[in-house]
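Each chain, letter by letter, is given below.
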Amino acid sequence: MARAGKTRNPLVIAATALAVVAAGAAGWGGWQRYDAAHDDAASYAQARDDALAAGEQAVQNMNTLDHRTLEKGLDSWEESTTGDLHRQLVDGRDAFAKQIVAAKTVSTAKVLSGAVTELDERAGRAGVMVALRVTVTAPKGDPAVKESRMLGTLTRTSEGWKLSALGQAPVGSTAG
Amino acid sequence: MSTTRHLVNRRRRLATSPSRAAVAPVSDEETAAETTEETTEETTAPPGLREPETVPEQGQEPEPESDGTTPPQRRLRSRLPVLLCALTVLLGAFATWAFTSAASLRDEPARQNTALTDIARTSEVKGRIGEAVGAVFSYDYASPARSDRAAKTHLTGRAVQQHKDMLAEVRAQAPQQKLVLTTTVTASGVEYLDGDRARLLIFADQSNTRTGKDEETTFAAAMFAVDAVRRGDTWRIAAIDTFTR
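So, here is what we can say about the structure in this document. (Residues numbered from 1 in each chain as written. Chains lettered and ligands numbered in written order. Predicted model: local features only at pLDDT ≥ 70, side-chain atom pairs only at ≥ 80, totals over all residues.)

1. What about the overall build of chain A?
Inference 1: Secondary structure assignment for chain A yields four helices and five strands.
Inference 2: What you see in chain A, going N to C, is helices and strands ordered as α-α-β-α-α-β-β-β-β.
Inference 3: Relative to the compact-globule value of 16 Å for 176 residues, chain A shows a C-alpha radius of gyration of 29 Å, a clear excess of over 25%.
Inference 4: Residues classed as buried in chain A amount to 28% of the 176 residues present.
Inference 5: Intrachain contacts of chain A at a sequence separation of at least 6 include 56% that bridge at least 24 residues. (Helix = DSSP H or I, 4+ residues; strand = E, 2+ residues; numbered from the N terminus. Rg over C-alpha atoms; globule rule 2.2 N^0.38 Å. Buried ≥ 20, exposed ≤ 12 C-beta atoms within 10 Å, placed from the backbone. Contact = placed C-beta atoms within 7 Å.)

2. Re the pairing of strand 3 (residues 125-137) of chain A
All names here are of chain A.
Inference 1: The sheet contact formed by strand 2 (residues 106-120) and strand 3 spans 13 bridges and is antiparallel. The partner of Ala109 across the bridge, within strand 3, is Val134.
Inference 2: Here strand 2 folds back onto strand 3 in antiparallel fashion, the turn holding four residues, of which Gly124 has a positive phi close to 75°.
Inference 3: Of the pairings in the sheet, the one linking strand 3 to strand 4 (residues 144-157) comprises 12 bridges and is antiparallel in character. By the bridge assignment, Val130 is partnered in strand 4 with Met150.
Inference 4: Turn length for the strand 3-strand 4 hairpin, with the two strands adjacent in sequence and antiparallel, is six residues, and the turn residue Gly141 shows positive phi of about 85°. (Pairing = 2+ DSSP bridges.)

3. With respect to the sheet that holds strand 1 (residues 65-66) of chain A
Residue and element names in this part refer to chain A.
Inference 1: Ordered in space as 1-2-3-4-5, the five strands form an open sheet in which the pairing is antiparallel. Where the open sheet ends on each side, the last strands, each with one partner, are strand 1 and strand 5 (160-168).
Inference 2: Pairing of strand 4 with strand 5, which is carried by eight bridges, proceeds in the antiparallel orientation. Bridge assignment links Thr157 to a residue of strand 5, and that residue is Gly160.
Inference 3: Across the sheet, helix 2 (residues 40-62) is in contact with strand 2, strand 3, strand 4 and strand 5; its angle to strand 2 comes to roughly 150°. (Axes fitted to C-alpha atoms, helices over the stretch in contact; angles between N-to-C directions.)

Following this line, the structure appears as structure tokens:
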């Protein structure tokens, strides 16, 4: 009985010490994990990346159109946009479709690079700039390749970020 | 070894076995008793002597009420290390998960990139690189030295040679055509920013003025990306990506 009492004691002490150390580590780790998960900068960074991905995809969609799959292409234009830009596309759809059918062109676009220039997470607005290479193939002649400097405005909707304005960066306006 | 104790034991023994004591010679009996007494004394002595030591030791234990340890308490006491070990394992497992999870969250690519999230750095690199692009892609036939100085100040690494190649034609033609090339950044965005490294997308306008016989200005739209590195307290262009196929 005496021997058992003597050996159990350090064991209990050691086990208690280990448990206390483990509890401390668990507490610290839990705090670290909470801190990492509730980082404002991280959610802002995520919104930036989401906006850029959506913006690049939308700009690419807006520069891609095949006269053979015209309806599908124009649907994708409308899906990529919101607000005024969306209304303009819906209003001008029929007239534009006629032009493309007549011209029989196929446009494909490749995003070379893109960046978010501004982001207001609370208002749900973002500005993007996209460097684009567009290839337009007409029935006759070689495909025409041009590079486009696109500036877009994105608005956050219930279905994610969508383009509310899109245009080419103007040339020569600021130089001189 | 106390002699009094020996005597007491011997007397007790002699009293309990009078017949043997009578038959056997006294001297023999005495030595036999002496040896048995010694051995028994030694085997029984340690617990008897330790008895008082164990009492305070038991008192130090978590349950001090153990006067005579009852079975449930003894069971609890033997289980305590096991419970503590289990607790340690669980807490340790949680801690391991929490640390690795926190680390993986922090290592997400979105967080590594501090473009826009670090407002000060983002505007700093945009401002410096905008100035640098304007300086190194501008050229005045009247003061070519200024262009060299700008290149030395704002370029580093691979960008030095790239810039030299890009401006080679302008340099060759400039004196004859009295060429003035002016580059102005119209839009720039930080694609990536991590500490001392950044990548920017640049839209720039280039006006090319020939001030020879008849003055003529042409505008050109340029778009390219630059890799920037921070050296000391300023940003320099390290590479120029013109998206060539």
